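# Chains, contacts and geometry: an overview
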Amino acid sequence: MFVDEKKLLIRAGKGGDGAVLFRKEKYVPRGGPDGGDGGNGGSVHLKGASNLHALSHLASIDRIEAQPGQMGGHQLRTGKAGEDKTVLVPLGTQVFDGEELLGELLEEGQELRIAKGGSGGWGNWRFRNSVDQVPQRANPGTPGEERTVRLSLQLIADVGLIGLPNAGKSTLLSAISNARPKVANYPFTTLEPQLGVVQLGSGDDATTFVVADLPGLIEGASSGKGLGTAFLKHAERTKTILHCCSLEQDDETLLAAYHTIRAELTSWSPKLGDKPELIVLTKADTVVPDELAARVVGLSKQLPSAPVVISAAARQGLADLLTSVQKLVA
Ligand SMILES: Nc1nc2c(ncn2[C@@H]2O[C@H](COP(=O)(O)OP(=O)(O)O)[C@@H](O)[C@H]2O)c(=O)[nH]1
Ligand SMILES: [Mg+2]
């Protein structure tokens, strides 16, 4: 199950109480005060981790608590501080308390404290004075912060899929990732960016990256829809672009489609236009096998870089495509 929203009760540790203690001395029934302060309570932090792409690891958890600080000890010993609790979350995780955005984890290793541990209370030693040589009081530790937060994942895409409607973007995304976008042979089926997580390999060698279907870039440009800032955020953060062109079209139409998209892309955002691009010739299964090789050779000469040939429907060329993409992303 893909989880991208999660509510959590966050509880930082209470500060340890100050101690009311007295020196133990031989032959002295009651020595001077020597109670130490309580230790500080642990705080709760979130930390960005680039190898996570969902909040699924938190699905069965509803609260996160850090340890309390311990009570002070004899000889002014401060109680042991409560351990902090650090929870890893995917990059692009936003943290809300009600409507308020507390912060966003965007970088590997970036930390955000979402609940501060309580302070340890003063031990009785601190309360001694000329009048009161045997203070019986100490301060309790203060409570740790407690709040309910909502984590909302705005996945950051590594790879953007672009191309005219019908180029086969959604079908490719379904074939390589966990996303299940709408597929149809009519345009404008997708007006919001669809994101999918691609996993290559398994176990310790597994690498993952996020692919976004970015149809709105073109479809939205003509229809005025789906052009929210969330969309642009996804588009502009991608490291690389897969430019899909369907082999169902004849070569002339395909090349025209390619250049149409390039022109829209650069005029839409020069930043996007400068991203490394991998050209993907899709729907190879629609071409008679005998003609395919010759067409690809011909097209390669007219395109600015060597294309990768795939058929998402027949699941051909996908492994090679992903290997090339992985290299571009890394
Ligand atoms: N034969 C064949 N058809 C495909 C392939 N990929 C996509 N299609 C079809 O092309 C049409 C458009 O695909 P879609 O993925 O929705 O394109 P998008 O508009 O770029 O997202 C749909 O009818 C798909 O079933 C393919 O590899 N081979
Ligand atoms: Mg689509």
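Use the structure listed above.
The structure contained in this document is the topic of the report that follows.

Cut-offs applied
Residues numbered from 1 in each chain as written. Chains lettered and ligands numbered in written order. Predicted model: local features only at pLDDT ≥ 70, side-chain atom pairs only at ≥ 80, totals over all residues. Helix = DSSP H or I, 4+ residues; strand = E, 2+ residues; numbered from the N terminus. Buried ≥ 20, exposed ≤ 12 C-beta atoms within 10 Å, placed from the backbone. Pairing = 2+ DSSP bridges. Axes fitted to C-alpha atoms, helices over the stretch in contact; angles between N-to-C directions. Left-handed = near helix turned anticlockwise from the far one by under 90°. Contact = placed C-beta atoms within 7 Å. Nonpolar A, V, L, I, M, F, W, Y, C, P; charged D, E, K, R; others polar. Expected span 1.5 Å × (residues − 1). Arc of directions from axis to C-beta.

### Brief notes about the overall build of the chain
Helix and strand content of the chain: seven helices and 14 strands. Here the chain holds 330 residues, and the buried ones make up 42% of them.

### Side note on the sheet that holds strand S8 (residues 146-153)
Taking strand neighbours across the sheet as the criterion, the five strands line up as S3-S1-S8-S5-S6 in an open arrangement whose pairing is mixed. Only two strands of the sheet have a single neighbouring strand rather than two, namely strand S3 (63-65) and strand S6 (100-105). Averaged over all adjacent pairs, the angle separating strand axes in this sheet is 30 degrees, with direction ignored. As defined by bridge partners, strand S1 (residues 5-11) adjoins S8 across seven bridges and the pair is classed as antiparallel. When the bridges of S8 are listed, Lys6 appears paired with Leu151.

### Looking at the pairing of S6
Note that strand S5 (residues 93-97) and S6 share five bridges and pair antiparallel. From the neighbouring strand, Gln94 faces S6, where its bridge partner is Glu104. Remark: two residues form the turn of the hairpin made by S5 and S6, two consecutive strands paired antiparallel; Gly98 in that turn has positive phi of roughly 65 degrees.

### Structural notes on the pairing of strand S10 (residues 194-200)
In terms of burial, S10 is largely enclosed, as five of its seven residues are buried. Both S10 and strand S11 (residues 207-213) contribute to a ladder of seven bridges, which runs antiparallel. Among the inter-strand pairings, Gln199 is bridged to a residue of S11, identified as Thr208. In textbook terms, the turn of a hairpin is the stretch between consecutive antiparallel strands, and for S10 and S11 this stretch comprises six residues, one of which, Gly201, has a positive phi near 75 degrees.

### Digging into the sheet that holds strand S14 (residues 308-309)
The mixed open sheet is built from six strands, whose spatial order is S10-S11-S9-S12-S13-S14. Of all the strands in the sheet, the pair left with one neighbour each is S10 and S14. Summarising the sheet, strand S9 (residues 159-162) and strand S12 (residues 240-246) pair through four bridges and their orientation is parallel. When the sheet's bridge partners are listed, Leu161 is paired in S12 with Leu242.

### A look at the packing of helix H4 (residues 251-268) against helix H6 (residues 289-302)
Across the interface, H4 lies against H6 with an axial gap of 11 Å and an inter-helix angle of 35 degrees. Helix-helix and strand crossings are classified by hand; for H4 and H6 the assignment is right-handed. For the pair H4 and H6, the contacting residues are Asp251, Leu254 and Leu255 in the first and Arg295, Gly298, Leu299 and Gln302 in the second. Its residues assigned to classes, the contact of H4 with H6 comprises three nonpolar, two polar and two charged.

### A look at the environment of Ile10
With respect to the helices and strands, Ile10 occurs in strand S1. Sequence spacing of Ile10 and Lys116 is 106 residues, and the spatial spacing of their C-alpha atoms is 10.0 Å. Beyond its immediate sequence surroundings of up to four residues, Ile10 is in contact with Val44, Ile64, Ile114, Ala115, Glu146, Arg147 and Val149.

### A few points about helix H7 (residues 318-329)
Over its twelve residues, H7 runs 16 Å from end to end, which matches the ideal 16 Å to within 8%, given 1.5 Å per residue. For H7, the full list of buried residues reads Leu321, Leu322 and Val325. Along the axis of H7, the buried residues cluster in a sector spanning 95 degrees; they form a single face. With respect to the buried face of H7, the exposed residues turned more than 90 degrees away are Ala319, Asp320, Thr323 and Lys327.

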